[in-house]
Amino acid sequence: MPSRADIAAIIVAAGRGRRAGAGAPKQWRDLAGQPVLARTVAAFGGFARTLVVLHPDDMARGVAEFEGRVTLIAGGDSRAQSVRNALETLDPEDISKVLIHDGARPFVKPDLIERVLGALGAAQAAAPALPVTDALWRGAQGRVAGRVSRDGLFRAQTPQGFDLAAILAAHRNHAGDAADDVEVARAAGLDVAIVAGDEDNIKITWPEDFHRAARMLRGDVDIRTGNGFDVHAFCEGDHVMLCGVRVAHSRGLRGHSDADVGMHALTDAIYGALAEGDIGRHFPPSDPRWKDAASRIFLAHAADLARQRGYRLANADVTLICESPKIGPHALEMASELARNIAADPSRVSVKATTSERLGFTGREEGIAALATVTLVNT
Ligand code: MG
């Protein structure tokens, strides 16, 4: 990655953008819990300077959102004037290149920024664009009036990158507005290299663009499912621990730790969803520290690991397989005990039971088996 120590990023968000419908200007509208502009600004990390150009009415809001992280610039009467206001604050002695980006393009990816910067090494200006692939028509009064050749036509995107001294001079000499900074640069005779754009780098303009943007963000959701299975044999005793609840019984369960077969299955399901092995990997039975340890320690460890990785529990479903003891009277308490141990909402945790119709080892009442399934979602 080229050094960004002498490169500035200017994010232009001074427009009122009424085409996106009623309500706040589009750059301030919420997109999955964050203003569009906050997402855009977050995409530009590591630059020597990041400048955000705002409508003068939005300066207080900008301070509240970005205080101390970016330089806020009051925009002018036109897009070109807004960009110029920002450029005039940069010193070509410190900054050699500048990227200028639309605040309403929050999906700009690091590799697109790198492509523009890479092309800037050999050109005074570089900008991303996509070739036009749809047929182009000219229309009038709701009728097709002719076809336009798409040969050599591109859809322009941002960030557009420039040699700072060159684009500053171009803006100073440019009268009136411009659709973008490439127009200003070309009017000054600069050569602009085209780099490959990105279909996801949409400019949020119309109300339906918000729906598309929300769909794209949902596409980033990482959903993971894990399963766990465990068995413990009965032994002498007067109670069993199942899903964190002590249940009186004519026998106990044999095992390392407290032999809580339900909690073990759930713990393994969480580790499984994270591709993190099983309880044995994290708490080796050969380690005397874990002899007779409460299984809630294992479960809490798995749940913490999931949280550290950015996952929350969407749901957990545990099935206990035994002829006895009767689970039904304890199932709700077990579910709420599991939920408490993983800091989940109890409505997301289920505990149920079945017999195996007197078949197999559970049917012969030699032990208890448990199955668990969990779904984790990144947040
Ligand atoms: Mg076990």
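Residues numbered from 1 in each chain as written. Predicted model: local features only at pLDDT ≥ 70, side-chain atom pairs only at ≥ 80, totals over all residues. Heavy atoms only, no water.

It is worth spelling out the overall build of the protein chain at this point. From N to C terminus, the protein chain includes 12 helices and 19 strands. Its C-alpha radius of gyration of 30 Å places the protein chain more than 25% over the 21 Å reference for a compact globule of 379 residues. Expressed as a percentage of its 379 residues, the buried residues of the protein chain come to 47%. Carbon and sulfur atoms provide 50% of the accessible area of the protein chain, an area that totals close to 18500 Å². Charge separation in the protein chain, taken as the distance between the mean sites of 44 positive and 48 negative side-chain charges, equals 4 Å. (Helix = DSSP H or I, 4+ residues; strand = E, 2+ residues; numbered from the N terminus. Rg over C-alpha atoms; globule rule 2.2 N^0.38 Å. Buried < 20%, exposed > 50% of the residue type's maximum accessible area, 1.4 Å probe, protein only. Areas by Shrake-Rupley, 256 points an atom, 1.4 Å probe, with all protein chains shown as cover. Lys, Arg positive; Asp, Glu negative; His and termini not counted. Charge placed at Lys NZ, Arg CZ, Asp CG, Glu CD.)

In this section: the pairing of strand E14 (residues 239-242). Each regular strand shows side chains that alternate between the opposite faces of the sheet. Here E14 runs beside strand E15 (residues 245-248); their pairing, made up of 4 bridges, is antiparallel. Directly across from His239, in E15, lies its bridge partner Ala248. Where E14 hands over to E15, the hairpin turn is made up of 2 residues, of which Cys243 adopts a positive phi near 55°. (Pairing = 2+ DSSP bridges.)

The next point concerns the nonpolar core. The biggest cluster of nonpolar side chains holds 47 residues, and the ones touching the most others in it are Leu242, Leu266, Ile270, Leu320, Met334, Leu338 and Val374. Counting residues per element, the ones that place at least two in this core are E14, E15, helix H8 (261-273), helix H10 (295-308), strand E17 (311-321), helix H11 (331-341), strand E18 (349-354) and strand E19 (367-378). The element contributing the most residues to this core is H8, with 8 residues. Excluding its chain neighbours within four sequence positions, the residues that come into contact with Leu320 are Leu242, Cys243, Val261, Gly262, Ile327, Met334, Val351, Lys352, Ala353, Thr354, Ala369 and Ala370. Counting residues in each nonpolar core, the second largest holds 27 residues, with Val53, Ile73, Ala125 and Ala178 among its members. (Core = buried A, V, L, I, M, F, W, Y, C linked by side-chain atoms within 4.5 Å. Contact = heavy atoms within 4.5 Å.)

This part is about the coordination of the magnesium ion. Around the magnesium ion, the donor atoms from the protein are Asp230 (OD), His232 (NE2) and His264 (ND1), and they sit 2.1 to 2.2 Å away. Sequence positions of the residues that donate to the magnesium ion give the spacing D-x1-H-x31-H. Here His264 lies in helix H8 and Asp230 lies in strand E13 (residues 223-236), a separation of 34 residues in the sequence. Here Asp230 falls in the buried class, since its relative accessible area comes to 16%. For His264, a relative accessible area of 7% translates into the label buried. (Donors = N, O, S within 2.8 Å, 3.2 Å for Na, K, Ca; no water.)

With that out of the way, let us pick up the side chain of Ser295. Its location among the elements puts Ser295 in helix H10. At a separation of 2.3 Å, a polar atom in the side chain of Ser295 contacts the side chain of Asp258. Once residues within four sequence positions are removed from consideration, Ser295 is found in contact with Ser257, Asp258, Asp260, Met263 and His264. (Polar contact = N/O pair within 3.5 Å; in protein donor to acceptor, adjacent residues only side chain to side chain.)

What follows is about the pattern of salt bridges. Pairing of side chains with opposite charge becomes possible as their charged atoms draw close. Applying the stated criterion across every chain yields a total of 22 salt bridges. For Asp102, the salt bridge is made with Lys203, and the minimal N-O distance between the two is 3.9 Å. Residue Asp102 is found in strand E6 (residues 97-102), and its partner Lys203 is found in the loop between strand E12 (192-196) and helix H7 (207-218); the two are separated by 101 residues along the sequence. Asp102 sits in the buried class, given a relative accessible area of 7%. (Salt bridge = Lys/Arg side-chain N within 4 Å of Asp/Glu carboxyl O.)

Among the residues of helix H4 (residues 110-120), Leu112, Ile113, Val116, Leu117, Ala119 and Leu120 are the ones counted as buried. The buried residues of H4 occupy an angular sector of 165° when projected down its axis, which confines them to one face. Each element contacted by the buried residues of H4 is listed here: strand E1 (7-13), E6, strand E7 (125-131), strand E11 (160-163) and E12. (Arc of directions from axis to C-beta.)

Next up on the list: the packing of aromatic side chains. Summed over the entire model, instances satisfying the criterion amount to 4 aromatic pairs. Ring centres 6.4 Å apart and planes at 40° place the aromatic pair Trp28 and Phe66 in the tilted group. Of the two residues, Trp28 sits in the loop between E1 and strand E2 (30-31) while Phe66 sits in helix H2 (residues 59-66), which places them 38 residues apart along the sequence. Residue classification places Trp28 among the buried positions, given a relative accessible area of 4%. Residue Phe66 is classed as buried on the basis of its relative accessible area of 1%. Centroid distance Phe283 to Trp290: 4.8 Å. Interplanar angle 85°. Geometry classified as edge-to-face. By the burial criterion, Phe283 is buried, and Trp290 matches it. Ring pairing ties together the aromatic residues Phe283, Trp290 and Phe298, which thus form one cluster. Here the guanidinium or amino end of Arg29 rests over the ring plane of Phe210, the centre of that ring lying 4.2 Å away. The ring of Phe234 has Arg251 sitting right over it, with the charged end atom 4.8 Å from the ring centre. (Phe/Tyr/Trp six-rings, centres within 6.5 Å; stacked < 30°, edge-to-face > 60°. Lys NZ or Arg CZ within 6 Å of the ring centre and 35° of its normal.)

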